[in-house]
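Examining the three-dimensional arrangement
Read off the chains here:
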Amino acid sequence: MTTRTVDTTQELAAFLRSRRERLDPRDFNLPPRQRARRTPGLRREEVAELAGVSIDYIVRLEQARGLRPSANVVEALSRALRLAPDERAYLFNLTQQRPRNADKPATTAAPPLARLVADLSPLPAMLMNHRYDILAWNSEMTRLLLDFDSLPPSQRNAMWLCLVHPEIREFYVDRERVVREGIAHLRAAWATHPEDRALTELITECATHSEEFARLWTAQDIEVNGRGHKVMRHPGAGVIAVHFEVLMPLQDPDQRLMICRAADDESQSALDRLCAR
């Protein structure tokens, strides 16, 4: 059966009932009940107990009586009903709440994505997390930017390199725009991942050691830039203009795949010369 629009109140009620009824009471450390179970799954009072809400609250939700649970209640229901990540996201969408980030920040490249980065040759490509930590790269990206293998892991961060590394500091023709956009992304990531101490430490370190970063951070710009254009002064190939695209895999949402391609024929020729070395 199809409808033109989704009645989120009714859909929420049906979804909660279906997920409650599919659970096996034997999988939960719940006190024994005297009366026999007439329906499959957990009882409403058991879900209420697991989620830390009242039975009446669960009843009203399952009867589509117009409640809009808070983000904390949605999180508690997700745990009580043992929802899979996709189901949890669906529940947050139905209740029009913003989910907390359930995934830990990526610190290593997912193997399939690392292979994809290599397979994208001859296009320069690399994999980053929300902090701009560089997790994987192909040889074309090292020829275009920097040999990341020569850096300690703590310095493999695109924002830090742009601010501090002597080769990268003067690499971009429109340097201030590149730095401003990077800071605007970090501020958005900071709000999305308030629990990420490594990100907070990175921001603090950059603001302490870079007057440029500190000045632009106070502008409070917010931007998540997944597509754009950069012009670079390459020491061995001259000026190279590239278009870039940033993709976020569904299975690994904290990993971001950046792919670059030449913006014009002259830049393509320069990239070809770099890759032929």
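Here, the structure is the one placed above.
Every value quoted in this text rests on a predicted model; they were computed, and no experiment measured them.

Our focus in this paragraph is the environment of Pro249. As for its position among the elements, Pro249 is in the loop between strand 4 (238-247) and strand 5 (256-262). Measuring from C-alpha to C-alpha, the distance between Pro249 and Ala106 comes to 12 Å, with 143 residues separating the pair along the chain. Ignoring sequence-local partners within four residues, the contact set of Pro249 consists of Leu113 and Gln255.

With the rule as written, the count across this model stands at five aromatic pairs. Geometrically, the ring pair formed by Trp190 and Trp217 is edge-to-face, given 5.5 Å between the ring centres and 65° between the ring planes. Of this pair, Trp190 sits in helix 10 (residues 175-192) while Trp217 sits in helix 12 (residues 211-217), and the two are 27 residues apart along the sequence. For the pair Phe213 and Trp217, a centre-to-centre distance of 5.7 Å together with 15° between the ring planes defines the contact as stacked. Here the residue Phe213 and the residue Trp217 both occupy positions in helix 12, the gap between them amounting to four residues, near one helical turn. Under the relative-accessibility criterion, Trp217 is labelled buried at 14%. Aromatic rings pair up to connect Trp190, Phe213 and Trp217 into one cluster. One cation-aromatic arrangement involves Arg82 over Phe28; the distance from NZ or CZ to the ring centre is 4.0 Å. One Lys or Arg, Lys230, reaches over the ring of Phe244 and ends 5.0 Å from the middle of that ring.

Moving on, we come to helix 11 (residues 197-209). Each α-helix winds once per 3.6 residues, and so residues spaced three or four apart point in a common direction. Relative to the 18 Å expected for 13 residues at 1.5 Å per residue, helix 11 spans 18 Å between its end C-alpha atoms, a close match to the ideal helical length. Residues of helix 11 that are buried: Leu199, Leu202, Ile203 and Cys206. Projected down its long axis, helix 11 shows its buried positions confined to an angular sector of 95°, all on one face. Within helix 11, the exposed residues directed more than 90 degrees away from the buried face are Arg197, Glu201, Thr208 and His209. Contacts from the buried residues of helix 11 go to helix 8 (158-164), helix 10 and helix 12. By the N-cap criterion, in which a side-chain oxygen at the helix start approaches the backbone nitrogen of a residue two or three places on, helix 11 is capped by Asp196, the distance to Ala198 being 3.1 Å.

Criteria and cut-off values
- Residues numbered from 1 in each chain as written.
- Predicted model: local features only at pLDDT ≥ 70, side-chain atom pairs only at ≥ 80, totals over all residues.
- Heavy atoms only, no water.
- Helix = DSSP H or I, 4+ residues; strand = E, 2+ residues; numbered from the N terminus.
- Contact = heavy atoms within 4.5 Å.
- Phe/Tyr/Trp six-rings, centres within 6.5 Å; stacked < 30°, edge-to-face > 60°.
- Buried < 20%, exposed > 50% of the residue type's maximum accessible area, 1.4 Å probe, protein only.
- Lys NZ or Arg CZ within 6 Å of the ring centre and 35° of its normal.
- Expected span 1.5 Å × (residues − 1).
- Arc of directions from axis to C-beta.
- Polar contact = N/O pair within 3.5 Å; in protein donor to acceptor, adjacent residues only side chain to side chain.

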